[in-house]
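Tertiary structure, described
As a plain string of letters, each chain reads:
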Amino acid sequence: MTDPVVRKNEALRRYEIVVEGELAGFSEYNVLANGMLFTHTEVLPAFEGRGLSSALIRGALQDIRSLHTHVIPVCQFVAAYLRKHPEDHDLVAPESRRAFGI
């Protein structure tokens, strides 16, 4: 079994996680002037319970860090992930942290 791969699909405006060549989940975003607004994260039913949502968001945040932009975590899962990972709090603009409980 190979490790899951996170990739950015700019055409569909989402990050995707692929397991053994098969799409397992995605996190949708919109690009705004002040950052990337995450709206929805989903893991397909056949892949649930494997921690793929967290792996997906971790990979997306690594990419966002390399882009030197911010995350706007409207998606409840992304916001919850960020609350649990203080090492990534800097990716949320200070003026947005309170709104998302980060």
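Our structure is the block above this text.
What counts, and at which threshold
Residues numbered from 1 in each chain as written. Predicted model: local features only at pLDDT ≥ 70, side-chain atom pairs only at ≥ 80, totals over all residues. Heavy atoms only, no water. Pairing = 2+ DSSP bridges. Helix = DSSP H or I, 4+ residues; strand = E, 2+ residues; numbered from the N terminus. Axes fitted to C-alpha atoms, helices over the stretch in contact; angles between N-to-C directions. Contact = heavy atoms within 4.5 Å. Parallel < 35°, antiparallel > 145°, perpendicular 65-115°, else oblique. Nonpolar A, V, L, I, M, F, W, Y, C, P; charged D, E, K, R; others polar. Phe/Tyr/Trp six-rings, centres within 6.5 Å; stacked < 30°, edge-to-face > 60°. Buried < 20%, exposed > 50% of the residue type's maximum accessible area, 1.4 Å probe, protein only. Lys NZ or Arg CZ within 6 Å of the ring centre and 35° of its normal. Arc of directions from axis to C-beta.

**Describing the sheet that holds strand E4 (residues 35-43)**
- Spatially, E1-E2-E3-E4-E5 is the arrangement adopted by the five strands of the open sheet, whose pairing is mixed. The open sheet has two edge strands, strand E1 (5-9) and strand E5 (71-73), and neither has a second partner. Sheet twist, expressed as the mean angle between neighbouring strand axes with direction ignored, is 30°.
- The sheet contact formed by strand E2 (residues 14-19) and strand E3 (residues 22-32) spans six bridges and is antiparallel. Across the sheet, the residue bridging to Val19 is Glu22, located in E3.
- On the sheet, helix H1 (residues 52-67) packs against E1, E2, E3, E4 and E5 and is oriented at approximately 130° with respect to E2.
- Packing against the sheet, helix H2 (residues 76-84) makes contact with E3, E4 and E5, and its axis sits at approximately 115° to E5.

**Some details on the packing of H1 against H2**
- The interhelical angle for the contact between H1 and H2, taken along N-to-C directions, is 80°, at an axis separation of 11 Å. By the criterion of interaxial angle, the relationship of H1 to H2 is roughly perpendicular. Every residue of H2 that contacts H1 at Ser53, Ser54, Ile57, Arg58 and Leu61 is listed here: Phe77, Val78, Tyr81 and Leu82.
- In the contact of H1 with H2, the residues fall into six nonpolar, two polar and one charged.

**With respect to the packing of aromatic side chains**
- Under the criterion given, the structure shown has three aromatic pairs.
- Here Tyr15 and Phe38 contribute two aromatic rings whose centre-to-centre distance is 6.1 Å and whose plane-to-plane angle is 20°, an arrangement assigned as stacked. Remark: Phe38 occurs in strand E4 and Tyr15 occurs in strand E2; sequence separation between them is 23 residues.
- Its relative accessible area of 1% is what places Phe38 among the buried residues.
- Judged by centre distance (6.1 Å) and plane angle (50°), the rings of Tyr29 and Phe38 are tilted.
- For Tyr29, a relative accessible area of 3% gives the class buried.
- Joined through ring pairs, the aromatic side chains of Tyr15, Tyr29 and Phe38 make up one cluster.
- Positioned above the aromatic ring of Phe26 is the side chain of Arg14, whose terminal nitrogen or guanidinium carbon lies 4.5 Å from the ring centre.

**Focus: H2**
- Val78, Ala79, Tyr81 and Leu82 are the residues of H2 that are buried. Within H2, the buried residues cover an arc of 160° as seen down the axis, which keeps them to one side. Of the exposed residues in H2, the ones pointing more than 90 degrees away from its buried face are Gln76 and Lys84.
- Contact partners of the buried residues in H2: E3, E4, H1 and E5.

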